[in-house]
Amino acid sequence: MLLFGMQFLGTSYLTKHFSLDEFSEYALILSICSPVFLFFNMNIRVLITTKGDEYSKSAFSLLRVVSLILAFIVASSISYVVLDARIYSLFIVLVLFRAFDGLFEWSYGYFLKAEASKSIGMSQIYRSLALGLPILLGLFVFKPTIVEFFMIILAGLALVFLFFDRVQQSLVSYKWISFTQFKSLAIVGLPLGLVALFDSLSAQTPKYALEYYNHSELVGVFTSLFVFLQTMSYTGFALVNSTLPSLSTYIQNKNKQAVSNLVKKSSIIMFLMTIGFIIGVYFLGGWVLRLVYTPEIALHKDVFIIMSIFTLPMQLTAVYAYVLYGFGRFKTYLLISLITVISCAILSIYFVQQLSILGAVLAFGFAMTLKCIIVWMSYLRAKRELI
């Protein structure tokens, strides 16, 4: 939670200390890099924890190196076509910033496999300090440019990875592996990468539409609102996360009643938390946006209220998706993610042209609602088949 909170504070700092145009450029670059790197990450944390005994560390090491190189090439190619050359320096630091996510997912996979939860916690604390350092420097020492801001973060992340994560786990193995083993591992990870890609594109597509329809400055506004809601979603899921791990045991024991009770309990918690959040946004949304962002962003408080309502399907989807994974319905969730991103793209094309940022919010929100309904129906079907 500390790491997510620090990421939120970083977003707040960027909106307050840079113009909305600069922040929107940052948001656009990140919206290009994030889906690419999430796809090539292939959720390696899950791969290591579930397949770590079937494949050698050499295979995972090679997969990590190759996938990050490919992610850089793909992201660079896309950015060369769509971005202005003057912001390439910002692109480079943000690409490296996203690449570190892949490195830490790599180490966290081995921490999880070794059940070293303390190591994960300490690593996230150190990462939070790395994210917080440029904020402190900007507030009390000097005002860095946005490129310098992320260069400081990168230096901190490099130190954390080299002197903590890498030391805690022997990540790299130089033993020879066959191409067949490497290809097999990549094929296993491909569905997980596609799910991450589709889920990320569902959040990024409204930004692409805003940029396409010449609402570039609103890309930053949408990003600011989304980061706020996403942070709230992580908070809610963290509260129920302690109960959901028991789900796999209940499913293995075919205890349908226990599964139903656990899902119902988690859903009620999510629902009540979200309703409280929506009420808070309704009465305090404008004040909160001025406090954590800027008066310019606070002008969109009505859109913020509407967007907060769509936090409910986001929260419930997180519960039902976890359950589908527990049932082993990975292909089902992959198909649902594909339907969601296609729906979001179609809705964005229509609504953004007509309604600007409100259209972006509606397109995202309706797509998330559709996803929630389909995931819920898939959960009910999986539960009925639990005999």
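Attention in this report is confined to the structure presented alongside it.

## Describing the packing of helix α2 (residues 20–41) against helix α5 (residues 88–113)
Then, in step 1: Relative to each other, α2 and α5 sit at 35°, their axes nearing to 9 Å. Helix-helix and strand crossings are classified by hand; for α2 and α5 the assignment is right-handed. Between α2 and α5, the residues in contact are Tyr26, Ile29, Leu30, Cys33, Ser34, Phe37, Leu38 and Asn41 and Leu90, Phe91, Leu94, Val95, Arg98, Ala99, Asp101 and Gly102, respectively.
Then, in step 2: Split by residue class, the contact of α2 with α5 holds 11 nonpolar, three polar and two charged.

## Remarks on the packing of aromatic side chains
Two descriptors summarise a pair of aromatic rings, namely the distance from one centre to the other and the angle between the planes of the rings.
Then, in step 1: Tallied over the entire structure, the rule returns 26 aromatic pairs.
Then, in step 2: Seen in terms of ring centroids, Tyr55 and Phe60 are 6.4 Å apart; in terms of plane orientation they differ by 85°. Their pairing is edge-to-face. No difference in accessibility class separates Tyr55 from Phe60, as the two residues are buried.
Then, in step 3: The interplanar angle of 15° and the centroid separation of 5.8 Å between the aromatic rings of Tyr320 and Tyr379 together place this pair among those described as stacked. Remark: Tyr379 occurs in helix α15 (residues 330–384) and Tyr320 occurs in helix α14 (residues 311–326); sequence separation between them is 59 residues. One exposure class covers both Tyr320 and Tyr379, and it is buried.
Then, in step 4: These aromatic residues form a ring-pair network of at least three members: Tyr13, Phe23, Tyr26, Phe97, Phe149 and Phe150.
Then, in step 5: The ring of Phe18 carries the charged tip of Lys143 above its face, separated from the ring centre by 5.5 Å.

## Here's the deal with the packing of helix α11 (residues 256–292) against helix α13 (residues 301–309)
Then, in step 1: It is at 9 Å that the axes of α11 and α13 come closest, and there the two elements cross at 150°. With respect to α13, the axis of α11 lies roughly antiparallel. The interaxial crossing formed by α11 with α13 has right-handed handedness. Side by side, α11 and α13 meet where Phe277, Ile278, Val281, Tyr282, Gly285, Gly286 and Leu289 of the first sit next to Lys301, Phe304, Ile305, Ser308 and Ile309 of the second.
Then, in step 2: Along the lines of polarity and charge, the residues of the contact of α11 with α13 split into eight nonpolar, three polar and one charged.

Conventions we followed
The residue numbering used here restarts from 1 in each chain and proceeds along that chain's sequence as written. Per-residue local features of the predicted model are confined to residues with pLDDT of at least 70, and side-chain atom pairs are confined, for both listing and counting, to 80 or more; whole-chain, interface and lining totals are unaffected and use all residues. Values shown for side chains rest on all heavy atoms present in the structure; no hydrogens or waters enter the calculation. Working convention: axes come from line fits to C-alpha atoms, limited for helices to the stretch in contact. Angles between N-to-C directions cover 0 to 180 degrees. Only DSSP runs of H or I covering at least 4 residues are called helices, and only runs of E covering at least 2 are called strands; the numbering of each starts at the N terminus. Helix crossings fall into two classes, left-handed where the near helix is turned counterclockwise from the far one by less than a right angle and right-handed where it is turned clockwise. Contacts are residue-level and defined by heavy atoms, with any inter-residue pair within 4.5 Å sufficient. Amino acids are sorted into nonpolar (Ala, Val, Leu, Ile, Met, Phe, Trp, Tyr, Cys and Pro), charged (Asp, Glu, Lys and Arg) and polar (every other residue, Gly among them). Whether two aromatic rings pair depends on their centres lying within 6.5 Å, for rings of Phe, Tyr and Trp, where Trp uses its six-membered ring; planes under 30 degrees apart make the pair stacked, over 60 edge-to-face, and the rest tilted. Per-residue accessibility, obtained with a 1.4 Å probe over protein chains only, is compared with the maximum for each type, and a residue is labelled buried under 20%, exposed over 50%, and partly exposed between these values. Counting as a charge over the ring demands two things of the Lys NZ or Arg CZ atom: a distance within 6 Å of the ring centre and an angle within 35 degrees of the ring normal. Roughly parallel refers to an angle under 35 degrees, roughly antiparallel to one over 145, roughly perpendicular to one between 65 and 115, and oblique to any angle outside these ranges.

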